[in-house]
Structure formats: structure tokens, C-alpha cells
Amino acid sequence: QVQLVESGGGLVQAGGSLRLSCKTSGSVLEINNMGWYRQGPGNQRELVATTTSAGSTNYADSVKGRFTISRDNAENTVSLQMNSLKPEDTAVYYCKAQLRASRWDVVRNYWGQGTQVTVSS
């Protein structure tokens with residue numbers, strides 16, 4: 001059973017930093033894209049940052065220059081370093097992995113349970 005477990009959320013003042021981590025557990029054959037998404041109060045879930053297995057990255061315009069996504073392919077983890085946080089970054093942050101669990105499986109999207117990030121002004 002594949003699971004994605006996030007950690008690192010919390011409460012921080014504007015201008016502060018947080019680092020989110022997401023570890024994939026269970027049997028995994030291959031992981032393609034990994035990324036972070038967020039859903040603020042009353043908003044739809046939106047892309048924050050993604051990274052391919054080769055290390056290419058993509059960021060939402062709202063976080064460019066402030067957030068950095070990274071992954072460790074050996075550990076099947078993805079992290080998000082968030083600097084210069086703003087109150088509008090407040091949201092539940094979700095980790096997503098596009099992966100294939102076994103050679104009998106197809107590529108599927110897996111999501112973590114979410115971690116709350118609250119930025120106070």
C-alpha cells in the first residue's frame with residue numbers, strides 16, 4: 001500500500017520560513033513527477049511547485065523566488081522550502097506523486113493527507 005506522509009507545517013509569522021517534507025512509503029517501482037499543491041479557505045486546490053524525476057522544476061508565479069522544491073530519488077521524498085512567507089500563503093499543503101507501484105500496475109496519482117500552513121500578519 002503506497003502512502004505519502006507530509007510533515008513540517010505549522011504557524012509562522014509573515015516573512016518567516018517553513019520546510020515541508022513528504023515521504024513515499026510502501027512498494028514503489030518508479031516515481032515520475034512529484035509536487036506540492038495547496039488549498040486555501042474557500043479556494044480550489046492549486047499547483048505550488050512540481051519536479052520531474054530528472055530534476056526539472058515548475059513554480060506558480062505567486063511563489064517564484066520564495067519557494068524551492070527539491071527531491072531525493074533514493075529516499076522517494078520531496079521537500080518544499082518556503083521563505084518570505086505571506087499571509088496569502090496560508091493553506092493546507094498537499095504532496096502529490098505520480099508513480100507506478102509495481103510492474104503489474106499503471107501510473108497513478110497519489111496524494112498525501114495534507115499539512116496546514118498558517119502565516120500570521
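Bear in mind the structure is a predicted one, so any value in this text is a computation, not a measurement.

Hey, could you run me through the side chain of R66 in this one?
As for its placement among the helices and strands, R66 is situated in the loop between β6 (57–59) and β7 (67–72). Owing to a relative accessible area of 11%, R66 belongs among the buried residues under this scheme. Among the polar contacts made by the side chain of R66, one reaches the main-chain carbonyl oxygen of S62 at a distance of 2.8 Å. Setting aside its immediate chain neighbours within four residues, R66 contacts Q81, M82, N83, S84, L85, K86 and D89.

Hey, could you run me through unusual backbone geometry in this one?
Of note in the backbone geometry, N76 takes a positive phi value of approximately 55 degrees without being a glycine. Looking at where N76 falls in the secondary structure, it is placed in the loop between β7 and β8 (77–82). Judged by relative accessible area, N76 falls into the partly exposed class, the value being 22%. Despite not being glycine, S84 shows a phi value in the positive range, around 50 degrees.

Before we go on, may I ask you to explain the state of the cysteines in this structure?
The term disulfide refers to a covalent linkage connecting the sulfur atoms of a pair of cysteines. Counted according to the given criterion, the structure contains one disulfide. The disulfide partner of C22 is C95, and the S-S distance across this bridge is 2.1 Å. Torsion about the S-S bond of the C22 and C95 cystine: about -75 degrees, corresponding to left-handed handedness. Within this pair, whereas C22 is found in strand β3 (residues 18–25), its partner C95 is found in strand β9 (residues 91–100), the two being separated by 73 residues in sequence.

How should I be thinking about the side chain of T50 in this particular structure?
Tracing the backbone through its elements, the reader meets T50 in strand β5 (residues 46–51). In this structure T50 comes out as buried when scored by relative accessible area, which is 17%. In contact with T50, not counting residues within four places along its chain, are M34, G35, Y37, S56, T57, N58 and I69.

Before we go on, may I ask you to explain the pattern of salt bridges in this structure?
Once their charged atoms are close, side chains differing in charge can pair, the charge on each being opposite to the other. Within this structure, the stated rule accounts for six salt bridges. For R66, the salt bridge is made with D89, and the minimal N-O distance between the two is 2.8 Å. Placement of the pair is R66 in the loop between β6 and β7 and D89 in the loop between β8 and β9, with a sequence separation of 23 residues. An identical accessibility class is assigned to R66 and D89; each is buried. The salt bridge involving D105 is made with R108; its shortest N-O contact spans 2.9 Å. Connected through shared salt-bridge partners, R38, E46, R66 and D89 make up one network.

Is there a simple way to explain the nonpolar core in this structure?
Generally speaking, nonpolar side chains in soluble globular proteins are found buried as a group. W36, V48, F67, L80, M82 and Y93 are the most contacted members of the largest nonpolar core, which totals 29 residues. Ranked by residue count, the leading element in this core is β9, at five residues. Ignoring sequence-local partners within four residues, the contact set of L80 consists of L18, R19, L20, W36, V48, A49, F67, T68, I69 and Y93.

About the thresholds
Residues numbered from 1 in each chain as written. Predicted model: local features only at pLDDT ≥ 70, side-chain atom pairs only at ≥ 80, totals over all residues. Heavy atoms only, no water. Helix = DSSP H or I, 4+ residues; strand = E, 2+ residues; numbered from the N terminus. Buried < 20%, exposed > 50% of the residue type's maximum accessible area, 1.4 Å probe, protein only. Polar contact = N/O pair within 3.5 Å; in protein donor to acceptor, adjacent residues only side chain to side chain. Contact = heavy atoms within 4.5 Å. Disulfide = S-S within 2.5 Å. Salt bridge = Lys/Arg side-chain N within 4 Å of Asp/Glu carboxyl O. Core = buried A, V, L, I, M, F, W, Y, C linked by side-chain atoms within 4.5 Å.

No statement about biological role is implied by the geometric values presented.
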